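Architecture at a glance
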Amino acid sequence: MESEDDEEYDITTQQDKYEVQTILKSMGAKLEDLNTCNELITKHGAALQRSLVELEQLESTGELTPKAKAVNERATLFRITANAMIKACNDYLQLVQNQGRKWQKLLQHEHEQRLHLEEIVEHLARQHSHLEQAAKEANISGGGFSDEDEYYDASEDAASDFIVTIPAKARRRPRGVIRGSSVDGALISSALHDASSSETDEDFAANGQQAKVVTRKEKKDFLTGQKDSLEADKDFVSPSAIGETLDLENSGRLQRRRLIPERPNHSVNLWSIMKNCIGKDLTKIPMPVNFSEPLSMLQRLTEEFEYADLLDKAVLMEDSTEQMAYVAVFTISAYATTSTRTGKPFNPLLGETYECDRMDDLGWKAISEQVSHHPPVAAQHCSGRGWTCWQELSISSKFRGKYLQITPLGIAHLIFEKSGHQYTWRKVTTMVHNIIVGKLWVDQHGEMDIVNHKTGDKCHLKYIPYSYFSRETPRKVTGIVTDKDNSVKWVLSGTWDNKMELSKVLSMQGELKGKPILETESPKLVWKRKWPEYDKIYNFTELAIQLNEPEEGVAPTDSRNRPDQRLMENSQWDEANYEKLRLEEKQRIVRRKREQEAEKSMAEGRPYPAYEPIWFQKQKDPVTGNLIHVFTGKYWECKEEQNWSMCPDIF
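The text that follows walks through the structure, step by step, so that each part is easy to find.

Cut-offs applied
Note on numbering: residues in each chain are counted from 1, in written sequence order. In keeping with the predicted nature of the model, local features appear solely for residues at pLDDT of at least 70, side-chain atom pairs appear and are counted solely at 80 or more, and the whole-chain, interface and lining totals rest on all residues. The side-chain figures draw on all heavy atoms in the structure; neither hydrogens nor water molecules are used. Basic side-chain nitrogens of Lys or Arg form a salt bridge, by our definition, when they fall within 4 Å of a carboxyl oxygen of Asp or Glu. Categorising residues by exposure relies on relative accessible area from a 1.4 Å probe, with only protein chains included: less than 20% of the type maximum marks a residue as buried, more than 50% marks it as exposed, and the intermediate range marks it as partly exposed. Think of it this way: any DSSP run of H or I at least four residues long counts as a helix, any run of E at least two long counts as a strand, and we number them from the N terminus. Each pair of aromatic rings taken from Phe, Tyr and Trp, with Trp reduced to its six-membered ring, is defined by centres within 6.5 Å and is described as stacked if the planes are under 30 degrees apart, edge-to-face if over 60, and tilted in the remaining cases. Multiplying 1.5 Å by the helix residue count minus one yields the expected span of that helix. The contact rule is simple, with two residues in contact once any of their heavy atoms fall within 4.5 Å. Two strands qualify as a pair provided DSSP detects at least 2 bridges between them. Nonpolar core, defined: a set of buried Ala, Val, Leu, Ile, Met, Phe, Trp, Tyr and Cys residues in which side-chain atoms within 4.5 Å join the residues together. Directions pointing from the helix axis toward each C-beta atom define the arc.

1. Some words on the pattern of salt bridges
- Overall, the coordinates contain 29 salt bridges when judged by the stated rule.
- For the salt bridge of Arg-560 with Asp-558, the shortest nitrogen-to-oxygen distance reads 3.0 Å.
- Judged by its relative accessible area of 6%, Arg-560 falls in the buried class.
- The closest approach of N and O atoms between Asp-649 and Lys-586, which form a salt bridge, is 3.4 Å. With Asp-649 in the segment after helix H14 (634-641) and Lys-586 in helix H13 (residues 573-604), the pair connects residues that are 63 residues apart, well separated along the chain.
- Residues participating in the shared-partner salt-bridge network are Lys-580, Glu-584, Glu-585, Arg-588 and Arg-592.

2. Description of the packing of aromatic side chains
- Per the stated rule, a full pass over the model turns up 13 aromatic pairs.
- Note on Phe-305 and Trp-364: the rings are 5.8 Å apart at their centroids and 40° apart in plane angle, and the pair reads as tilted. On the criterion of sequence distance, the pair formed by Phe-305 in the loop between helix H8 (297-302) and helix H9 (309-315) and Trp-364 in strand E6 (residues 364-373) is long-range, its members being 59 residues apart. For the pair formed by Phe-305 and Trp-364, the shared burial category is buried.

3. Comments concerning H13
- Taking 1.5 Å of rise per residue, the 32 residues of H13 would be expected to cover 46 Å, and the 47 Å separating its terminal C-alpha atoms lies within 8% of that figure.
- Buried within H13 are the following residues: Trp-573, Ala-576, Glu-579, Lys-580, Leu-583, Glu-584, Gln-587 and Ser-601.
- Residues of H13 that are buried sit in contact with strand E4 (344-346), E6 and helix H12 (563-569).
- Directly after H13, the chain includes Gly-605, whose backbone phi takes a positive value near 80°.

4. Here we look at the pairing of strand E13 (residues 441-452)
- With respect to burial, E13 is a largely interior element, nine of its 12 residues being buried.
- Two elements, strand E11 (residues 422-425) and E13, share two bridges in a ladder whose sense is antiparallel. Across the sheet, the residue bridging to Tyr-423 is Asn-452, located in E13.
- Looking at chain direction, strand E12 (residues 429-433) and E13 are connected through five bridges and run antiparallel. By the bridge assignment for E13, His-433 is matched with Trp-441.

5. Some words on the nonpolar core
- The biggest cluster of nonpolar side chains holds 65 residues, and the ones touching the most others in it are Trp-364, Trp-387, Leu-414, Trp-425, Ile-450 and Tyr-463.
- The element that contributes the greatest number of residues to this core is helix H10 (residues 320-333), accounting for eight residues.
- Among the nonpolar cores identified, the runner-up in size contains 14 residues, and Ile-367, Val-377, Tyr-635 and Trp-636 belong to it.

6. Points about the environment of Ile-480
- Inspection of the secondary structure assignment puts Ile-480 in strand E15 (residues 476-482).
- Looking at Ile-480, the relative accessible area reads 1%, which means it is buried.
- Expressed as a C-alpha distance, the spacing of Ile-480 and Trp-490, which sit 10 residues apart in the sequence, is 5.7 Å.
- In this structure, Ile-480 is in contact with Val-164, Thr-165, Ile-166, Pro-167, Lys-458, Cys-459, His-460, Val-488, Trp-490, Val-491 and Leu-492, ignoring residues within four places of it in sequence.

7. Description of the side chain of Thr-302
- By the element assignment, Thr-302 lies in helix H8.
- Thr-302 sits in the buried class, given a relative accessible area of 1%.
- For Thr-302, the residues in contact, after removing those within four places along its chain, are Tyr-354, Cys-356, Trp-364, Ala-366, Ser-368, Gln-380 and Leu-547.

8. Some thoughts on unusual backbone geometry
- Backbone torsion omega between His-374 and Pro-375 reads 0°, so that peptide bond is classified as cis.
- Looking at the secondary structure, you find Pro-375 in the loop between E6 and strand E7 (376-383).
- Of note in this structure, Asn-486 is not a glycine but carries a positive phi near 65°.
- Along the chain, Asn-486 falls in the loop between E15 and strand E16 (488-495).
- On the basis of relative accessible area, Asn-486 is assigned to the partly exposed category, the value being 21%.

9. Points about H14
- Where H14 is concerned, the buried positions are Tyr-635, Trp-636, Cys-638 and Lys-639. With its buried residues spanning 160° around the axis, H14 presents them on a single face. For H14, the exposed residues set more than 90 degrees away from the buried face come down to Lys-634, Glu-640 and Glu-641.
- Among the structural elements, strand E5 (353-358), E6 and strand E21 (627-631) are those in contact with the buried residues of H14.
- At the exit of H14 stands Gln-642, carrying a positive phi of roughly 55°.

Printed below as a string of structure tokens:
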């Protein structure tokens, strides 16, 4: 039910509309009077002119009197019409001046009201921030986590027992049927629905069963415990360690950079820009580079393979459920850097590409292309040691006043070449908090389901949203791996910004408070985030620093060649903003030209070809049944030949 204030506002709005319509009608009538007077003046003026000419041509004085009388009458009519014209002009001028002063006061009042509303919103945001801080302090005094625990590492001494959700076994949909396609316009709304719930083509029922995970206690002496701990650390091999090993074996390998210019201290009022973006799609709003980082979205997408060594290990797994567990940890590791990276990546231009060939040190190479502009869609293909991963990604972002909600659309695919195991999953929702007041921080929340389409194994992950009133470890992720019979085989636990542990399920027996008990082995560390990061260099990791490193032989459309991004990296932000506007306007001109050509072709009854990507083409996915952009494989051939003749001029 609407409040009295809302009803009063509606009444006032209706009165204002009626008053404006009345004024417009009056001004229209006055203009009609002016037009009528103008026509009469023209008519009588012409008649007067003719009479004067005839008067001059008279030869006899006998005709002078009637002609003089006619001239006098026409002059009188002209004078009367001119006076009417002057009066109508005065009336119109007075009306416009009166209404102009009134409208000026109304505009001033609206401006003051808007400033007042902005102050109220900022005041409410500060109050909200103070309340959150008070709740946090109360939680700490009540035995909760400290500020360091909440925003950085999880507590090492946290209890190993926790609750997981075992989804009910879902009815299998017909092969090739999946809700939503991230690219096809007719299915975008369905894809939005799917992405919000993180469902896959064989999603689990929402009413799953909760189970308590309990680690079997084993008697160990001190030396045995030390040995297990060392073995756990030995199992973990970071990408940097792989690179260092290859460095020793091949000293002639390309030496990559380790530093970029530090971020300049340019202050800007975020609220002054974001206040006009509430409820809008941020992909369609131009933003200055002050809020960005010198990487494009294609490069950020490539950064997800920073911990691709997990896939290298998964290739060697003979147990499909254990392989699934490593794949799940790989999907989690893709979010690691987002906890400290609040800069917005550059939106790629249509036709922009990015290649990252790290076969010599990290063992994988990737190619990405912006295949659509409205909606913005990026396609990516990455191949590694015995595995291939591909995906297309579209992002829906909305500013909700205090936080930014980023919903990824699309499906990621992974296949292991030797076993033929193919996995699919959707990404979870990202939230950027404290947009108006306070320090920006990022959180991930939602549920993710990973499916092995060959064996029927599934993994259900739950990203627990952060709450000041919860004693859960911040940024916590829990999950289970089940086989085709829905039997739990592995349990995952950890945080998406620090580390993940894996425990093998030994038995499922008994109940505690109505929840079945999963007894597991002692957890082993399978992934730990690579540190340190560079605080003054946009919190980039070593890989992120190297992503935009200039490289010869890449396509002219490569993100490394983008001038505004390069200028920003070199701390020339004013020049970068100018270049960014130039590139965006150039892209608009090309788009308008295509639209005009399409309209012309339609009018002439000729078909007009739609935009076609250079390195990807649409094909039907045999697993999901969706139309997706698939890599043609021609990029690496063209790079070897240095044949870039098909690349458009976008920079």
